[in-house]
There are 4 protein chains.
Amino acid sequence: MSGSTFGRIFKVTTWGESHGAAVGAVIDGCPSGVEIDEAYIQSFLDRRKPGQSKYTTKRNEPDKVKVLSGVFEGKTTGTPISLVVENTSQISKDYSDIKDVYRPGHADFGYDVKYGFRDYRGGGRSSGRETIGRVAAGAIAMKVLEGLGVDVYAYVNQIGDIKIDYNSFDRDEIQSNPLCMPDKVAAEKAGVYLDELIAQKDSSGAMVECIVNGVPAGLGEPVFDKLDARLAMAVMSIGAVKGIEIGDGFDVVKSKGSENNDEFYMDEGVVAKKTNHSGGILGGISDGADIILRAAFKPTPSIFQKQSTVDNKGNDVEIEIKGRHDPIIAPRAVVVVEAMVAMTILDMMLLDIKL
Amino acid sequence: MSGSTFGRIFKVTTWGESHGAAVGAVIDGCPSGVEIDEAYIQSFLDRRKPGQSKYTTKRNEPDKVKVLSGVFEGKTTGTPISLVVENTSQISKDYSDIKDVYRPGHADFGYDVKYGFRDYRGGGRSSGRETIGRVAAGAIAMKVLEGLGVDVYAYVNQIGDIKIDYNSFDRDEIQSNPLCMPDKVAAEKAGVYLDELIAQKDSSGAMVECIVNGVPAGLGEPVFDKLDARLAMAVMSIGAVKGIEIGDGFDVVKSKGSENNDEFYMDEGVVAKKTNHSGGILGGISDGADIILRAAFKPTPSIFQKQSTVDNKGNDVEIEIKGRHDPIIAPRAVVVVEAMVAMTILDMMLLDIKL
Amino acid sequence: MSGSTFGRIFKVTTWGESHGAAVGAVIDGCPSGVEIDEAYIQSFLDRRKPGQSKYTTKRNEPDKVKVLSGVFEGKTTGTPISLVVENTSQISKDYSDIKDVYRPGHADFGYDVKYGFRDYRGGGRSSGRETIGRVAAGAIAMKVLEGLGVDVYAYVNQIGDIKIDYNSFDRDEIQSNPLCMPDKVAAEKAGVYLDELIAQKDSSGAMVECIVNGVPAGLGEPVFDKLDARLAMAVMSIGAVKGIEIGDGFDVVKSKGSENNDEFYMDEGVVAKKTNHSGGILGGISDGADIILRAAFKPTPSIFQKQSTVDNKGNDVEIEIKGRHDPIIAPRAVVVVEAMVAMTILDMMLLDIKL
Amino acid sequence: MSGSTFGRIFKVTTWGESHGAAVGAVIDGCPSGVEIDEAYIQSFLDRRKPGQSKYTTKRNEPDKVKVLSGVFEGKTTGTPISLVVENTSQISKDYSDIKDVYRPGHADFGYDVKYGFRDYRGGGRSSGRETIGRVAAGAIAMKVLEGLGVDVYAYVNQIGDIKIDYNSFDRDEIQSNPLCMPDKVAAEKAGVYLDELIAQKDSSGAMVECIVNGVPAGLGEPVFDKLDARLAMAVMSIGAVKGIEIGDGFDVVKSKGSENNDEFYMDEGVVAKKTNHSGGILGGISDGADIILRAAFKPTPSIFQKQSTVDNKGNDVEIEIKGRHDPIIAPRAVVVVEAMVAMTILDMMLLDIKL
């Protein structure tokens, strides 16, 4: 019945449902003296805000964050930071279409078995709005990491069959096009593909890639708390993620040791690697190269086609979902991936400080 | 400096290095009254024992487990179970080839940065022998799960380009052929491929698939402790794993909602699904279908070809690794995957018990 | 920098400072289906509210609790319960008396060393207002325990030299007199004593006793997580507590085995004890008798006499504290003790559920 | 069913029963590079070894510790340290006196209810032998603390009515007399008292005091993880402890703020306190003065007088305990208190390291 806290030292607890009064997060374990203001956190929340393009739901939420504790005279005090975002768009509507029916691709059925009942007005804690707390907390982790020289950024690198061209990689594009792809041409193609799916009342999967630059070698624990293991948990805990890989990832299956090993060499007095098949992590410990990970996001399960399912009385029924739903999850999840990765990296850095 | 404990309720702590006196595990939180004997645990350890085929190192270790506590008159007492396996094959040898040199594809460099020095006689805690403790503990988790009607099994489903044919799936084959593939023909083809690689002093990657049958719907926590997030961490914590996916995994990137959603239907009074693209988990909670996951294992990094690297004085050097090393990691890791999955499932079942 | 979360399964995180926007708590791990409303929680908060007698500060706070998540249609959903109480009485005042000066008996000095700076407007997280979150969460724990037949109640049993007479023990008195003593006569005597101290600008220590009835035998873990060890941590974590004892407590020092051992006997088919020197716990595990514990509360450190101290520039200075401060801490802390004990007992019951 | 692990960063897991093959501990999270050898650890174990005077059981155990992992070339590697002590004195004997009978003052009854059965040959995990693992781990914590300038020592300061005279305090006496009192005269008086009790087949309670010198101000977390709260849990987790107090402890009940507050002053440029009523901790955070705590140990419950009790079939019976039992617990527990305090202080120092 628990599991809403993430981290060992930099601990984040999120709370709130999509149709309750508010959602939020409490961060316990943030170092003191970090300069933080609401505008900074807000800039991260604005990146996951709905209603910004035709590919995101029209739910009109300002998602304004308030800091209720833990910051004094513009700096973190080292005590818990409480962050709250009110749910202003809880329009009362008719839930009869989903109240007693298990939506395919959603956790509704599991919820009912687990808890005995559920808040049928939305996905409960499985709602995408739960990630607001993650993003707000992630913004603060990012700020601390910035001071430590660590840079975390993510983007959509594939939608359906359309992949970005790494030769045209343009980091500025990530926040410029609605699909958060660092390649304008690919984003346009993907837009056409999504338009077709929208017309078909369907939705698309996608891949998000995340890069972490600046993590020094030596971070991570060698056994259960491997850096990649912690990252895998962090990213897989985002709803809709069905796979996570580091460096060459699943391609290693077809690879040989002579290809996959990254040879070390001295680069102006510093240990460096000629390649980065490892994605910056060897044996669970960072090797000084960029950390590279990818997550597979499934297509939005809420589609507007008629689907067969069952209700909570044990009847076979049909369902036609109404309302506001993105035809693709990944673009708004980019900042969520960044948040989860940033919190993981910071948490492990705090855990690893030497005497 | 920590991170050697896994689990919340069924907690396993492993200890020991490949070249120390022994390796072992302590399990805290095992329910009382479970019938356990050393022979049962031994049968799991024997599956990861070296020297059983030409694809596994000839290091001759009996790997005999001793139970030092927590079992009385054949049953677990509910108190910590201490499991120890002596390292009998710690032949003294010349380590000058690796003492001061960072092996490509290994954690040596990260270790030195992290700890200031390392036990250069083997991989330290990154050694495959660390998994002995996991397998012994996993055997006990398996025993408890058996009593709960849960069946966990894994196998190699791909080596290089060679995939098993699911139409020829034969579970008995898993423990019959040295590559742990449930398809005799595929195993033979893969054997030929590995023979070539051995001749080239090279190694191969592979994929392991794991099935969990019998997990009731409703297991898992909806936010950070999603069932798939916990499984991802567990499996990614196995050395050499570079990717983990659930159900359709990375294929969801190209999929559409109308394809990926599993429709529910009533099957003789029980909620069932027509397909299982989700791999048994929706929104982090089990949906009652088989849990399906796959892990990508990189090729053994210890290859016998000459490689460029650096030493711990900052010199560019060449290394030619000697000794005993498997040309493929996955077959001996199959039982490790089973162990990690079993411990995760049991731990979450214990965590989820209702008042 | 962390440490604001309590519990393993029933996990409570408190946040907020006395002079921030609000204080609150998030409960993760509460079972689903528990009937909860704000009025019920409010009734607990009202017991620690200031301004109710001449022995409590006149700070005029309504301390109204709002439930922001985790409750749907009057029942807990099993997901995090977010509780918030606004600080309405943050009157801006002149803090020059305490801004740079370390108040004797307070954590000011330790805070500055630990965090580098502090919110000088109040005690920060050491403020008594932090316990609002504990009491709100404790109210919910109480509700769950009620359903399990467990009854937790505390009271002041000694102020200065004045002890209650157990022959006149009257539970109804606890919430009837301002000193929360279950003996009207003792409360009146203590009132006279406190009046003297107020006149002398001084304050008094006191003892709080807590009884838990209805805990079945067999609760608690035999080693580090002994039931009494967890209770000791819980109660000692309340500001101003300097000692905690179980059963005969410090009297055991002078006792003999023949006196201290409680003999068992059969009482209508049930194992019972002739005496309860153990205070309901043997070897860290409940023995079925009432759990009895006592906590020693130091006198309020904020007294109005002139005191010598130092400032944060390293000067010897004098301080004369102004403002609103109770002459005794214990009466308002009674409900905090109940809350901490209830959360501990419930958490261990949830941790101990059998397969 | 768990609870055998102590600590957040410096994590110690103990295992083993008095009549099993061995007892031991695994330390995860010890910093690397600490010089450790078995002789050093042994010197701590020898202080709790039985058979050293007429006040300790004659059970003849060498209690020789072996280090099985985590130490390489005389230094800790930063990976888990496995410590094992064989039980050599498991003489087979007749347990019919205690097999089915609940000994008064012991956890036997609670054990049977909790686990469904128990290892009736000794106290199981409640046996004093469980503390071997704590002492071995504590020795290593002590070594690390030594390097940080922290000195932890404990002693018996009261047995029955006999208290030490602080004017005659002689630290060397602690390890010179069999009762571990730092006052030879008091130890002799207490010896006479114990001789009487032995003649009466009875046992005595006692108090242990522990001093920690050298902890810098600023250690501890302000809310649930107060330094004193963590210490209270640590010390109360030692079997037979029924009370724990810090500084003036229970005397604060009768004290006034003007007496209890410690005034600060500048002592050669350093913040100091004129008195130490706080016992070195204010608001859960160290204030730079010596940490002072006291624990009340109950009389040994195993006395040789005939006692009434019940058996596990629900019959009223009489029991006359046989075998080897100390007439007082505290002297051998002195080193256990030191171990628990040292582990707590070190763990919190590791947890508190700043970026």
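Just above sits the structure.
This one's a predicted model, so the numbers in the text were calculated from it and none came from an experiment.

Rules of the game
Residues numbered from 1 in each chain as written. Chains lettered and ligands numbered in written order. Predicted model: local features only at pLDDT ≥ 70, side-chain atom pairs only at ≥ 80, totals over all residues. Heavy atoms only, no water. Helix = DSSP H or I, 4+ residues; strand = E, 2+ residues; numbered from the N terminus. Rg over C-alpha atoms; globule rule 2.2 N^0.38 Å. Buried < 20%, exposed > 50% of the residue type's maximum accessible area, 1.4 Å probe, protein only. Contact = heavy atoms within 4.5 Å. Areas by Shrake-Rupley, 256 points an atom, 1.4 Å probe, with all protein chains shown as cover. Lys, Arg positive; Asp, Glu negative; His and termini not counted. Charge placed at Lys NZ, Arg CZ, Asp CG, Glu CD. Salt bridge = Lys/Arg side-chain N within 4 Å of Asp/Glu carboxyl O. Pairing = 2+ DSSP bridges. Core = buried A, V, L, I, M, F, W, Y, C linked by side-chain atoms within 4.5 Å. Buried area = accessible area lost by both parts, 1.4 Å probe. Polar contact = N/O pair within 3.5 Å; in protein donor to acceptor, adjacent residues only side chain to side chain. Least-squares fit on C-alpha atoms with pLDDT ≥ 70 in both. Nonpolar A, V, L, I, M, F, W, Y, C, P; charged D, E, K, R; others polar.

Engineer: Which residues make up the overall build of chain A, and what values do they have?
Structural biologist: A count of helices and strands for chain A gives seven helices and 18 strands. Here chain A has a C-alpha radius of gyration of 21 Å; the compact-globule value for 355 residues is 20 Å, and the two agree. Based on the C-alpha atoms only, the size of chain A along its principal axes is roughly 65 × 50 × 35 Å. Expressed as a percentage of its 355 residues, the buried residues of chain A come to 68%. Look at the contacts in chain A between residues 6 or more apart in sequence, and 68% of them connect residues 24 or more apart. For chain A, the exposed area adds up to about 11300 Å²; of that, 48% sits on carbon and sulfur atoms. Treating the 41 positive side-chain charges of chain A as one cloud and the 51 negative ones as another, the clouds have centres 5 Å apart.

Engineer: Residue-level account of the pattern of salt bridges, with values.
Structural biologist: Within the structure shown, the criterion is met by 88 salt bridges over all chains. With a shortest N-O distance of 3.7 Å, D63 of chain C and R48 of chain C are connected by a salt bridge. Separated by 15 residues along the polypeptide, D63 of chain C in the loop between helix 1 (38-48) and strand 4 (65-69) and R48 of chain C in helix 1 bring together distant segments of the chain. Summarising the burial analysis for this pair, D63 of chain C and R48 of chain C share the class buried. In this structure, a network of salt bridges that share partners links the residues R103, D108, D112 and R118 of chain A.

Engineer: Lay out the pairing of strand 16 (residues 291-297) of chain B in plain terms, naming residues and giving numbers.
Structural biologist: Residues and elements named next belong to chain B. Taking burial as the measure, the seven residues of strand 16 include seven buried ones, the bulk of the element. Burial of the side chains of strand 16 extends over both faces: I291, L293, A295 and F297 are buried on one face and I292, R294 and A296 on the other. Across seven bridges, strand 10 (residues 206-213) lies against strand 16 in antiparallel orientation. For E209, the partnering residue across the bridge sits in strand 16 and is R294. Bridge count between strand 11 (residues 241-246) and strand 16: five bridges; the pairing is antiparallel. Bridge pairing links I244 to A295 in strand 16.

Engineer: Before we move on, could you go through the nonpolar core and cite the residues and values that matter?
Structural biologist: Core analysis: the biggest nonpolar cluster contains 377 residues, and I345 of chain A, I345 of chain B, I345 of chain C together with I345 of chain D have the highest contact counts within it. Once residues within four sequence positions are removed from consideration, I345 of chain C is found in contact with L145, V150, V212, V215, L219, L227, L231 and I291 of chain C.

Engineer: With reference to specific residues and values, describe the sheet that holds strand 2 (residues 11-15) of chain C.
Structural biologist: In a beta sheet, neighbouring strands pair by backbone hydrogen bonds and run either parallel or antiparallel. All names here are of chain C. Within the open sheet, the five strands sit side by side as 1-2-3-7-4. Their pairing is antiparallel. Single-partner strands in this sheet number two, and they are strand 1 (5-6) and strand 4. Two elements, strand 1 and strand 2, share two bridges in a ladder whose sense is antiparallel. Its bridge partner being in strand 2, F6 is matched across the sheet by V12.

Engineer: I'd like a description of the interface of chain D and chain B, backed by residues and values.
Structural biologist: Each partner contributes to the interface: chain D provides 40 residues, whereas chain B provides 40 residues. Interface area, chain D with chain B, both sides summed: about 3100 Å², of which 63% is carbon and sulfur. Inspection of the chain D/chain B interface yields zero salt bridges. Joining chain D to chain B, the criterion identifies twelve residue pairs in polar contact (both at pLDDT 80 or more).

Engineer: I'd love a proper account of the relation of the copies chain A and chain B, names of residues and values included.
Structural biologist: Between the two copies, chain A and chain B, the superposition gives an RMSD of 0.0 Å; the rotation angle is 180° and the shift along the axis is 0.0 Å. The relationship between the two copies is best expressed as a two-fold rotation axis. Taking C-alpha positions as reference, the residue of chain A nearest the rotation axis is M233 of chain A, located at 2.4 Å. Most of the interface of chain A is mirrored in chain B: 100% of its interface residues are interface residues there too.

Engineer: So what's going on with the environment of S168 of chain B? Residues and values would help.
Structural biologist: Residue and element names in this part refer to chain B. Positionally, S168 belongs in the loop between strand 9 (162-163) and helix 4 (184-199). Taking relative accessible area as the criterion, S168 reaches 36% and is therefore assigned partly exposed. The spacing of S168 and D112 is 56 residues in sequence and 47 Å in space, taken between C-alpha atoms. Sequence-distant contacts of S168, defined by excluding residues within four places in its chain, comprise P182 and D183.

Engineer: Any details on the pairing of strand 2 of chain C? Residues and values, ideally.
Structural biologist: All names here are of chain C. Along strand 2, four of the five residues are buried, which leaves the element largely enclosed by surrounding structure. Remark: four residues form the turn of the hairpin made by strand 1 and strand 2, two consecutive strands paired antiparallel; G7 in that turn has positive phi of roughly 105°. The hairpin formed by strand 2 and strand 3 (residues 22-28) contains six residues between the paired strands, and G16 there has a positive phi angle of roughly 110°.

Engineer: Break down the environment of S302 of chain C for me, with residues and values.
Structural biologist: Residue and element names in this part refer to chain C. For S302, the location among the structural elements is in the loop between strand 16 (291-297) and strand 17 (306-310). Take S302: its relative accessible area is 5%, and that puts it in the buried class. Put simply, S302 and M348 are 46 residues apart on the chain and 36 Å apart in space, counted from C-alpha to C-alpha. S302 has contacts with R103, H106, I321 and H325, leaving out every residue within four places of it along the chain.

Engineer: Which residues make up the sheet that holds strand 1 (residues 5-6) of chain B, and what are the values?
Structural biologist: Pairing is antiparallel in the open sheet, where five strands are placed in the order 1-2-3-7-4 (chain B). Each end of this open sheet is capped by a strand with a single partner; those strands are strand 1 and strand 4 (65-69) of chain B.

Engineer: Which residues make up the side chain of S69 of chain C, and what values go with them?
Structural biologist: Locating S69 of chain C in the fold gives a position in strand 4. Looking at S69 of chain C, its side chain comes within polar contact range of the main-chain nitrogen of S82 of chain C, at 3.2 Å. Discounting residues that sit within four places of it in the chain, S69 of chain C has contacts with W15, G16 and E17 of chain A together with P80, I81 and S82 of chain C.

Engineer: Tell me about the relation of the copies chain D and chain B, residues and numbers included.
Structural biologist: Superposing chain D onto chain B takes a rotation of 180° plus a shift of 0.0 Å along the axis, which leaves an RMSD of 0.0 Å. When you check the interface residues of chain D against chain B, 100% turn up at the interface there too, and the contact is symmetric in its surfaces.

Engineer: So what's going on with the interface of chain A and chain B? Which residues, and what values?
Structural biologist: With 107 residues of chain A at the interface, the matching set in chain B holds 107 residues. In total, chain A and chain B occlude about 8200 Å² of area from one another, counting both sides; carbon and sulfur atoms represent 64% of this. Counting the contacts that link chain A with chain B gives six salt bridges. Across the pair K114 of chain B and E221 of chain A runs a salt bridge, and its minimum N-O distance is 3.0 Å. Viewed at the interface, chain B and chain A are joined by 39 residue pairs in polar contact (both at pLDDT 80 or more). Of the residues contributing to the side of chain A that touches chain B, the split by class is 45 nonpolar, 36 polar and 26 charged. With three bridges joining them, strand 11 (residues 241-246) of chain A and strand 11 of chain B adopt antiparallel strand pairing. The partner of G243 of chain A across the bridge, within strand 11 of chain B, is E245 of chain B.

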